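Chain by chain, the residues:
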Amino acid sequence: MDYLSYVYEKIFGGNPPTDDTQGAFHTPRKVICFGNVLLDRLVQLEDPELLERFGLELGSKGELDMEKLNQLAAEATESSRCLTNPGGSALNTARILKQLGTDALFFGAVGADKHAEELRQILRDRGIEARLQTVEDAHTGQCVCLMYQDNPTLYANIGASAQFGLQTLSHAVSHEGQSFLRPVERKQILYVEGFFVPQRSDVCDYIVQHLVRERRRLALNLSAPYIVKKNHQAMMKLARAAFFLFGNRQEFEALAEAAGGFRNVDELADHLLQSGGTKVIFVTNGSAGVQVITNYVEELAPPGPVSFEDFRAQRVDQLVDATGAGDAFVAGFLHAWLEKRSLGECIRMASSVAAKVVTQVGCNLP
């Protein structure tokens, strides 16, 4: 099977970082993404000998210390074909948005190393605007995916991403806020991946308290059940503030259980919708489609009665890889929403984009 790239979606959880920017802000972007950033390497193996030598089980996924990960990547790329991509959940969404025609601005952190320069060059080549903070004493996050007989073995370390600092964002707001923040009466989405939440509660609080206003809205992706369980208080706080809340059923079930007091996802959703303001909740169910729970009526209208509606997933003739389907769904929805389409049209667009991505290896449109 031919391959494009394999993007790692599940991300695991020094000195004060210095602020480093890539280019200058131009027109304010309609979507601002916050997330972990990885340099993803996809290597096609001819035989499993390398896996055996590093003690890795074929098809396994996990985290390695950076030294061992670098060694694995170096040896793998010496004798096999390698494709390199920017990776991470929110960065996946930013990449798909760019392909759909909506420019996004990404905030993240990298180390002071050659991998950071390689990543910056890829982003420049693809026209993806990013504010990448440099953490001097940390390595750039990496993911290595070793493909053997169409079976991926995937290991990562988020490295410098864990040290993204509040000062990077607050400095951008205080010095260049008018350049990347739209007026509050115009649509803008501040999108946070769940993987970004651990260790960065101060950044998330700042986003909610100082940036979310009127039509400048928060969108949150729950990202993974283990992230939700370990950080349920922070996730509930963000979920209450979010206008758009994305997650699969397992992630919402994990949040309902960890937060306590909710017997099921419906009770959790009802609580969030009653906590104030308009909200649209997306509970994805893979090939079964998506359930939308909302009190949204129309733009700028007050909250209406709570409604539950199921939307079918688009048929996929050949499922290749579901990695990144959730990131693609978010990109498709936000793209359509910012084009002022109806809620139903936005959901159909999101499902269509996700259905196309799962026919490829990695989070890529055909």
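Within an unreviewed UniProt entry, the label attached to the chain reads Adenosine kinase, and the organism entered is Drosophila mauritiana. Under the Sequence similarities (unreviewed entry) heading, UniProt states for the chain: "Belongs to the carbohydrate kinase PfkB family." Taken from UniProt, the Catalytic activity (unreviewed entry) comment for the chain reads in full: "adenosine + ATP = AMP + ADP + H(+)".

S.K.: Give a detailed account of the UniProt feature "active site" (unreviewed entry) in the chain, specifying residues and quantitative values.
M.R.: As recorded in UniProt, the sites labelled "active site" (unreviewed entry) are Asp-327. The class for Asp-327 is buried, based on a relative accessible area of 0%. For Asp-327, the side chain forms a polar contact with the side chain of Ser-89, separated by 2.7 Å.

S.K.: Quick rundown of the nonpolar core? Include the residues and the values.
M.R.: Counting residues in each nonpolar core, the largest one holds 50 residues, and the members touching the most others are Val-31, Phe-244, Phe-282, Phe-333 and Trp-337. For this core, the element with the most residues is helix H11 (residues 325-338), which contributes nine residues. Once you skip the residues sitting within four places of it in the chain, Phe-333 turns out to touch Phe-244, Phe-246, Phe-282, Leu-343, Cys-346, Ile-347 and Ala-350. Judged by nonpolar contacts, the second largest core, of 49 residues, contains Phe-196, Leu-222, Leu-268 and Ile-293.

S.K.: Tell me about the environment of Leu-64, residues and numbers included.
M.R.: With respect to the element layout, Leu-64 can be found in the loop between strand E3 (61-63) and helix H2 (66-79). Separated by 93 residues in the primary sequence, Leu-64 and Asn-157 place their C-alpha atoms 6.1 Å from one another.

S.K.: Kindly report on the pairing of strand E13 (residues 290-294), identifying the contributing residues and their values.
M.R.: With five of five residues buried, E13 lies mostly within the body of the structure. On E13, burial covers both faces: Val-290, Val-292 and Thr-294 on one face and Gln-291 and Ile-293 on the other are all buried. Alignment of strand E12 (residues 280-284) against E13, held across five bridges, turns out to be antiparallel. Within E13, the position partnered with Phe-282 by the bridge is Val-292. As defined by bridge partners, E13 adjoins strand E14 (residues 307-311) across five bridges and the pair is classed as antiparallel. Residue pairing in the sheet places Gln-291 in a bridge with Asp-310 of E14.

S.K.: Kindly report on the pattern of salt bridges, identifying the contributing residues and their values.
M.R.: Per the stated rule, a full pass over the model turns up 12 salt bridges. One network of salt bridges, in which partners are shared, links Arg-29, Lys-98, Asp-103 and Glu-129.

S.K.: An account of the side chain of Arg-216 is requested, with residue identities and associated values reported.
M.R.: Along the chain, Arg-216 falls in strand E10 (residues 216-221). Buried charge Arg-216 goes without a salt bridge, the closest partner of opposite sign being Glu-185 at 7.6 Å. At a separation of 2.8 Å, a polar atom in the side chain of Arg-216 contacts the main-chain carbonyl oxygen of Arg-182. A polar contact of 2.9 Å, which involves the side chain of Arg-216, links it to the backbone oxygen of Leu-211. When neighbours within four sequence positions are excluded, Arg-216 is seen to be in contact with Leu-181, Arg-182, Pro-183, Val-184, Arg-186, Gln-188, Leu-190, His-210 and Leu-211.

S.K.: I'd like to hear about unusual backbone geometry, residue by residue, with values.
M.R.: Despite not being glycine, Glu-214 has its phi angle at roughly 45°, a positive value. Structurally, Glu-214 is set in the loop between helix H6 (201-211) and E10. With a phi angle near 80°, Ser-223 is a residue other than glycine that sits in the positive phi range. On the secondary structure map, Ser-223 appears in the loop between E10 and helix H7 (225-230).

S.K.: Can you break down the packing of H11 against helix H12 (residues 343-357) residue by residue, with the values?
M.R.: Between H11 and H12, the least distance of the axes is 7 Å, while the angle of their chain directions is 145°. Where H11 crosses over H12, the handedness of that crossing is right-handed. Side by side, H11 and H12 meet where Ala-325, Ala-328, Phe-329, Gly-332, Phe-333, His-335, Ala-336 and Trp-337 of the first sit next to Leu-343, Cys-346, Ile-347, Met-349, Ala-350, Ser-351, Val-353, Ala-354 and Val-357 of the second. Of the residues belonging to the contact of H11 with H12, the class tally is 14 nonpolar, three polar and no charged.

S.K.: Talk me through the sheet that holds E14; I want residue IDs and the actual numbers.
M.R.: The nine strands are arranged E6-E5-E1-E9-E10-E11-E12-E13-E14 in an open sheet whose pairing can be described as mixed. Two strands close off the open sheet at either side, each with one partner strand: strand E6 (129-135) and E14. The average undirected angle you get between the axes of adjacent strands in this sheet is 20°.

S.K.: Provide a residue-level description of the environment of Asp-113, including the pertinent values.
M.R.: Inspection of the secondary structure assignment puts Asp-113 in the loop between strand E5 (104-111) and helix H4 (114-125). Since its relative accessible area comes to 17%, Asp-113 is described here as buried. Along the backbone, Asp-113 and Ala-138 are 25 residues apart, and their C-alpha atoms lie at a distance of 8.5 Å. A polar contact is formed between the side chain of Asp-113 and the side chain of Thr-140, at a distance of 2.7 Å.

Conventions and cut-offs
- Residues numbered from 1 in each chain as written.
- Predicted model: local features only at pLDDT ≥ 70, side-chain atom pairs only at ≥ 80, totals over all residues.
- Heavy atoms only, no water.
- UniProt positions renumbered as here; feature names shortened; annotations may be inferred.
- Buried < 20%, exposed > 50% of the residue type's maximum accessible area, 1.4 Å probe, protein only.
- Polar contact = N/O pair within 3.5 Å; in protein donor to acceptor, adjacent residues only side chain to side chain.
- Core = buried A, V, L, I, M, F, W, Y, C linked by side-chain atoms within 4.5 Å.
- Helix = DSSP H or I, 4+ residues; strand = E, 2+ residues; numbered from the N terminus.
- Contact = heavy atoms within 4.5 Å.
- Pairing = 2+ DSSP bridges.
- Salt bridge = Lys/Arg side-chain N within 4 Å of Asp/Glu carboxyl O.
- Lys, Arg positive; Asp, Glu negative; His and termini not counted.
- Axes fitted to C-alpha atoms, helices over the stretch in contact; angles between N-to-C directions.
- Left-handed = near helix turned anticlockwise from the far one by under 90°.
- Nonpolar A, V, L, I, M, F, W, Y, C, P; charged D, E, K, R; others polar.

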